[in-house]
Every structure is written in C-alpha cells, then in structure tokens.
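Overview (structure and organization)
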Amino acid sequence: MNKHLLSIEDLSKSDAIQILDTAEEIARISDGPVKKLPTLRGRTIVNLFFEDSTRTRISFEAAAKRLSADVINFSAKGSSLSKGESLKDTALTLQAMGADAVVIRHGSSGAPARLADQSWMKGSVINAGDGTHEHPSQALLDSFTLRRHLRDSAGDLSGIKVAIVGDILHSRVARSNVLLLKKLGAEVTLVAPHTLLPFGIDQWPVNISYDFDDVLPHVDAVMMLRVQRERMSELFFPSEREYSRGFGLTKERLDRMPKGAVVMHPGPMNRGLEISAEAADAVNSVIVEQVTNGVTVRMAILYLLLGGMSA
Ligand code: NCD
C-alpha cells in the first residue's frame, strides 16, 4: 500500500480488499474484552480540520486511540490558521512536533495531495474530505458496511446494485463511492435532479436516472446524500417540498424498497428533506452501523499505513 491515503483512485482493488479484510479482523478483536491494541504506541497522529466535522474527526480520534497512538486535535478555528498561517507553515510546525500522520479535512480540493507532495512532512497524509473532491475513508466504511450485509463480510461487491441519491454535485462522498464501488464490481446508479449532477457526469462509469421511483425496486442499497446548503450559492431546486417529493427517501418509498435492501447516509442528515425520520430509523437502516464501522475501518487504515513502519 501507498504511504498516504489521498484518494480511492490511488488504491488497487486488492489494496481496498486488504483494508476491508483488516477491518474485519479488527472488528473480531474489538468484540472481545480488550478494545485497545498496542500497535501504534508512541506514534503521534494529528487531526487537522479546516472544515467543521463531528463524526469524521471523532471517528479518526477514536481509531487512533484504540491503537494506542497519541492524538493531537488541531482545528482551524481558534488557531493561527484563522490568522492566515499557510498550509506550508502549519505542516512544518506539525513536522517539528513529530507527527507520524496527519488526518486532514480541507475546503479546497487537492489540499491533502499538496501536503503530501511537497515533502513538508515526513509522515503519512490521510484525506478526511477535501472540497468536493474525495472522502476515501467514508467510501471504505460504506463498502465495509455493504459487504457485511450483502456479502457475508468477504470478497468484493460484484453484482450488487447501489443507488446514490441526491446532491451529487457537491458530494465528495459520492465521488469516492463511485470509484470504490466500481472497483469492487458493484453497479451504481446516480439519482438526482439535473441541477445537482456535475459537469462531465456522462464520463463517469455509472447509470444516471432522474426518477427515484423507477430505480427503487431494483436496488440492494440506497445511499442518501445530504443537501449541502453551505456549498450552494444559487437555487438548485424550486423548494424543499419539491425536492423531497422527487428525491427524498419518504416513508412511502421506504415501503417500496426490495426486501433485504439497506438504507445508508453518511451523516449529518437533514431529516425531512433528503430522508424521512421513518427511513432514517427503519429496521433496514444501517446509518448507525456506518458510524460504528467508521472507527473500525479507520483503525485498519491507520494500522496499514503506519503499523509497518518503525517508530
Ligand atoms: C460527509 C462529508 O463531510 O463529506 N460527512 C461525513 O464525513 N460524515 C457528507 C456531508 O457532509 O454531507
């Protein structure tokens, strides 16, 4: 495996399966009485978050701590970053503090790659979401969750039908998921209004549909995406009601899902907009499991990137 995790594009299919299999091993150990592993004792992992985050930051922190690493949380608000310090100076500071890995979330697509490329830092760089580009650890935890439910926790996802629904345009989760699901052999359909599909979408290896009801009876999983209002400077749909009527996972749509098909959402959810409360809390919703699996998969990522290197 590569030293960094910047994008799904950099992973081979066997790298991806190795991460999922390692996470499965870790899950088995975590089910036992001892939750904490000594693997990364003495190593320092920095969470560098330039954008707001709850679950991703906490998830990486929990993952690092369960591997016995020391964790430094560094958020842009209240630090010199808000005084305009450059990414370079921040990286040099982290390097001077002996960071073995930096988990970075940034509003600009490509910021993690920049950190990794410029050799400002010796350690591993892990992309925890950059602009509208990628969010590789989210895609890995989503495939891990799908594999557990639909493939008995082993192998790839060949033949599985996944619909990714909603604000594809602003979603790094959708991008990483398309790349990973295709790598693992799944069939992906994107469902969204025209206005929320990115330019050049016809080049993506996916089916496109504007009709959720048409796609729904054929899915093994629906991945609902948050409507990312904070990235919207113009009007992308007439009203929230219209949006929910066309693209929301309502109670009625939930009832029409095939038996055994699962509901997913990366969080945070806009309940009542892209997903109804009934769907979010349904028996076939795996949204809470995605959060639990996030810690396990991030432990696997940290273990594989850092575990092999000596302190
Ligand atoms: C996603 C993100 O930040 O890209 N959330 C997450 O990491 N759990 C999706 C989103 O914000 O809608």
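Per-chain numbering applies: the sequence of each chain, read as written, is numbered from 1 onward. Reporting of local features is limited, given that this is a predicted model, to residues whose pLDDT is at least 70; pairs of side-chain atoms are given and counted only at 80 or more, and all residues count toward the totals for whole chains, interfaces and linings. Excluding hydrogens and water, the side-chain figures rest on all heavy atoms present in the structure.

The rule for a residue being near a molecule or strand is that one of its heavy atoms must lie within 4 Å of it. Around the ligand lies a shell formed by Arg55, Thr56, Arg105, His135, Gln138, Arg172, Val173, Arg226, Gln228, Pro266, Gly267 and Pro268. At 2.7 Å, a side-chain N or O of histidine 135 approaches an oxygen atom of the ligand. Under the rule applied, a polar contact is a pair of N or O atoms within 3.5 Å (in protein, one hydrogen donor and one hydrogen acceptor; residues adjacent in sequence only if both atoms are side-chain atoms). Within the backbone of glycine 267, an N or O atom sits 2.9 Å from a nitrogen atom of the ligand. A 1.4 Å probe that fits into a set of points on a 1 Å grid over the protein atoms alone but cannot get out defines a cavity; an open set with protein on both sides within 12 Å along at least five of seven lines defines a pocket, and lining residues are those with an atom within 4 Å of a point. Assignment to a cavity or pocket requires that more than half of a molecule's atoms be within 2 Å of the site's grid points. One can see that the ligand is located within the largest pocket. For the purposes of this entry, the term helix denotes a DSSP run of H or I that reaches at least four residues, the term strand denotes a run of E that reaches at least two, and both are numbered from the N terminus. Going through the elements one at a time, α2 (55–66) and α6 (172–183) are the ones with two or more residues in the shell around the ligand. Looking at the shell around the ligand, its residues break down into three nonpolar, five polar and four charged. When residues are grouped by polarity, Ala, Val, Leu, Ile, Met, Phe, Trp, Tyr, Cys and Pro land in nonpolar, Asp, Glu, Lys and Arg in charged, and all others, Gly among them, in polar.

Let us now look at the pairing of strand β5 (residues 161–165). Of all the five residues making up β5, four are buried; the element is thus mostly covered by neighbouring parts of the structure. As judged from the five bridges shared by β5 and strand β6 (residues 187–191), these two strands associate in the parallel manner. Across the sheet, the residue bridging to lysine 161 is glutamate 187, located in β6. Sheet analysis places β5 next to strand β8 (residues 221–224), joined by four bridges and oriented parallel. Residue pairing across strands places valine 162 opposite alanine 221, the latter belonging to β8. Throughout this description, buried means an accessible area under 20% of the type-specific maximum (1.4 Å probe, protein chains only), exposed means over 50%, and partly exposed covers the range between. In this description, strands pair whenever DSSP reports at least two bridges between them.

The span expected for a helix works out to 1.5 Å for each residue beyond the first. With 15 residues, helix α5 (residues 136–150) ought to run about 21 Å at 1.5 Å a step, and its terminal C-alpha atoms sit 21 Å apart, in line with that. Every buried residue of α5 is listed here: Pro136, Ser137, Gln138, Ala139, Leu140, Leu141, Asp142, Ser143, Phe144, Thr145, Leu146 and Arg147. Backbone geometry just downstream of α5 places aspartate 152 in the positive-phi region, at approximately 50°.

The values are spatial; any link to function lies outside them.
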